[in-house]
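Listed below, chain by chain, are the residues.
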Amino acid sequence: MTVNSDTLCVASWNKEHNARGDGGLSNRILAAYKPHIVFRQELTSAWEHGKRDLFAEAEALGGLFPFMAEPSEGRSRNPTGVMVDPRLFQIEAHTDHDLPWKRICHVRVRLRGCPKLIDLASGHLCHFDPSLRATEARRLTTLADHGRTALIGMDANSYPHRTADETTEFLDWAQVEDPVHFQHRTIERDGKRVSDTQPSEILTGGPRAVFTDFAHHASTILQQKDALAATASLRRTDQGPPQRIDWVLGTPDWNRALLRVEVIKTKDVRRVTDHALVIAHFSLPAVQQMLSTAA
């Protein structure tokens, strides 16, 4: 790991149940990368005591400014969040996209000195309903409407659609022991139950893709094969081999600024959560040039 002042560091991490009780280990892991933007999933109970845990994490990460989606009664109690470096970014707005199971935390920022706005969103797609995941993915496409530039960090609870490019172990649903997981993660196509790749298709599919899957871009264009490493589950064995379900995406204008993608799943990471930490590094001068002209 290297930290460079000319590099913009963007991280996305699902810390299982907010890694409560880990003694601050997860914060120390992430803080070592000096992230400027953090997309978080499973901010469990972080809203309690005046959002004490939320602000404590943001401070431990170098004084970031945190936002989180408010949990709703009867829906998921594992909200999403976004944290940004206020020394680098000016905060313009914070909204939540209210959806039936889990809200998308959406923050609009401006890189200081640049006129073009950036839409940031942390998503955690529904774990039990493929149809709702497709709806959530389509909602995320609105961030790129009217030529806007956007970055997304997410736990997709589904699979990349360009299966031939993936490097993870093949997921054979006939060998998956957990019947509930089978129902949650498969869809019917041509009379067969197959892995749900709909969100990936909606977000990053086709010749006119709305977003770039940066791990896929790093692997196929930048020749960084480790970028396609599996991210979850790092613990369970009854749901098939680990797959790449945690993604950092962005509008294609970010492609030329991408330097590398890292998938961190060290022993310490595995101690605190069942998801790998995903980090995308961008050239800050290239990002500044990209954002120098308003849309």
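Residues numbered from 1 in each chain as written. Predicted model: local features only at pLDDT ≥ 70, side-chain atom pairs only at ≥ 80, totals over all residues. Heavy atoms only, no water.

Trainee: Please clarify how the side chain of His106 should be interpreted in this entry.
Mentor: Looking at the secondary structure, you find His106 in strand S6 (residues 104–111). Given a relative accessible area of 8%, His106 falls into the buried group. There is a polar contact of 2.9 Å between the side chain of His106 and the side chain of His97. Polar side-chain contacts of His106 include one of 2.7 Å to the side chain of Asp119. Not counting residues up to four positions away in its chain, the partners in contact with His106 are Ala93, His94, Thr95, His97, Asp119, Leu120, Ala121 and Leu143. (Helix = DSSP H or I, 4+ residues; strand = E, 2+ residues; numbered from the N terminus. Buried < 20%, exposed > 50% of the residue type's maximum accessible area, 1.4 Å probe, protein only. Polar contact = N/O pair within 3.5 Å; in protein donor to acceptor, adjacent residues only side chain to side chain. Contact = heavy atoms within 4.5 Å.)

Trainee: What exactly am I supposed to notice about the pattern of salt bridges here?
Mentor: Between side chains of opposite charge, pairing is possible as soon as their charged atoms come close. Across all of its chains, the model carries 19 salt bridges by this definition. Close ionic contact of Asp53 with Arg20 constitutes a salt bridge, the shortest N to O distance being 2.8 Å. With Asp53 in helix H2 (residues 48–60) and Arg20 in the loop between strand S1 (7–14) and helix H1 (25–31), this pair connects stretches of sequence that are 33 residues apart. On the accessibility criterion, Asp53 (27% relative accessible area) is partly exposed. Taking the shortest distance from any N to any O, the salt bridge between Glu201 and Arg189 comes out at 2.9 Å. Here Arg189 lies in strand S9 (residues 186–189) and Glu201 lies in helix H5 (residues 198–204), a separation of 12 residues in the sequence. Take Arg189: its relative accessible area is 34%, and that puts it in the partly exposed class. Several salt bridges share partner residues, and in doing so they unite Lys15, Arg40 and Glu57 into one network. (Salt bridge = Lys/Arg side-chain N within 4 Å of Asp/Glu carboxyl O.)

Trainee: It is not clear to me how the nonpolar core should be interpreted in this structure. Could you clarify?
Mentor: Here is a general trend for soluble globular proteins: nonpolar side chains tend to be buried in one another's company. Residues Leu8, Leu120, Leu151, Trp254, Val261, Phe282 and Val287 are the most contacted members of the largest nonpolar core, which totals 36 residues. In this structure, Val261 is in contact with Phe214, Ala215, Ala218, Gln224, Ala227, Val278, Ile279 and Ala280, ignoring residues within four places of it in sequence. If you look at the next biggest cluster of nonpolar residues, it comprises 26 residues, including Leu43, Leu54, Leu64 and Ile279. (Core = buried A, V, L, I, M, F, W, Y, C linked by side-chain atoms within 4.5 Å.)

Trainee: How should I be thinking about the environment of Val278 in this particular structure?
Mentor: Inspection of the secondary structure assignment puts Val278 in strand S14 (residues 277–283). Residues Val278 and Ala156, 122 residues apart in the sequence, show an inter-C-alpha distance of 13 Å. Setting aside chain neighbours within four positions, we find Val278 in contact with Val10, Ala11, Ser12, Thr231, Asp246, Val248, Val261 and Glu262.

Trainee: What exactly am I supposed to notice about the layout of surface pockets here?
Mentor: Over the atoms, a rolled probe matching the size of one water molecule traces out where space is still vacant. Put simply, the largest pocket is a space of about 600 Å³. Residue lining of the largest pocket: 32 residues in total, with His127, Asn157, Arg185, Asp274 and His275 positioned closest to the centre. Element by element, the count of residues in the lining of the largest pocket is highest for helix H4 (residues 179–185), at 4 residues. When its volume is computed, the second largest pocket comes out at roughly 340 Å³. Lining the second largest pocket are 16 residues, with Thr163, Phe170, Leu171, Ser195 and Gln243 sitting closest to its centre. Looking at the lining of the second largest pocket, its residues break down into 6 nonpolar, 5 polar and 5 charged. (1 Å grid on protein atoms, 1.4 Å probe; cavity = no way out; pocket = protein on both sides within 12 Å on 5 of 7 lines; lining within 4 Å. Points joined across faces, edges and corners; volume = space filled by probe spheres on them. Nonpolar A, V, L, I, M, F, W, Y, C, P; charged D, E, K, R; others polar.)

Trainee: How do you make sense of H2 when you look at a structure like this?
Mentor: An α-helical turn contains 3.6 residues, so any two residues separated by three or four positions project in the same direction. An ideal rise of 1.5 Å per residue puts 18 Å on 13 residues; H2 measures up with 18 Å between its terminal C-alpha atoms. Burial in H2 covers these residues: Leu54, Glu57 and Ala58. Note on H2: the residue one or two positions beyond its end, Gly62, has a positive phi of about 105°. (Expected span 1.5 Å × (residues − 1).)

Trainee: Looking at this model, I keep getting lost on the pairing of strand S8 (residues 149–155). Mind explaining?
Mentor: Every regular strand shows the same layout, with side chains that alternate between the two sheet faces. The element S8 is largely enclosed, with a buried count of 7 among its 7 residues. Across the two faces of S8 the burial is the same, with Thr149, Leu151, Gly153 and Asp155 and Ala150, Ile152 and Met154 all buried. Bridge analysis of strand S7 (residues 117–124) against S8 gives 7 bridges, and the strand direction is parallel. Residue pairing in the sheet places His124 in a bridge with Asp155 of S8. What joins S7 to S8 is helix H3 (residues 130–141), and the crossover it makes is right-handed. Looking at chain direction, S8 and strand S12 (residues 246–250) are connected through 5 bridges and run antiparallel. Its bridge partner lying in S12, Ile152 is registered against Leu249. (Pairing = 2+ DSSP bridges. Right-handed = clockwise from strand over helix to strand, strands pointing away.)

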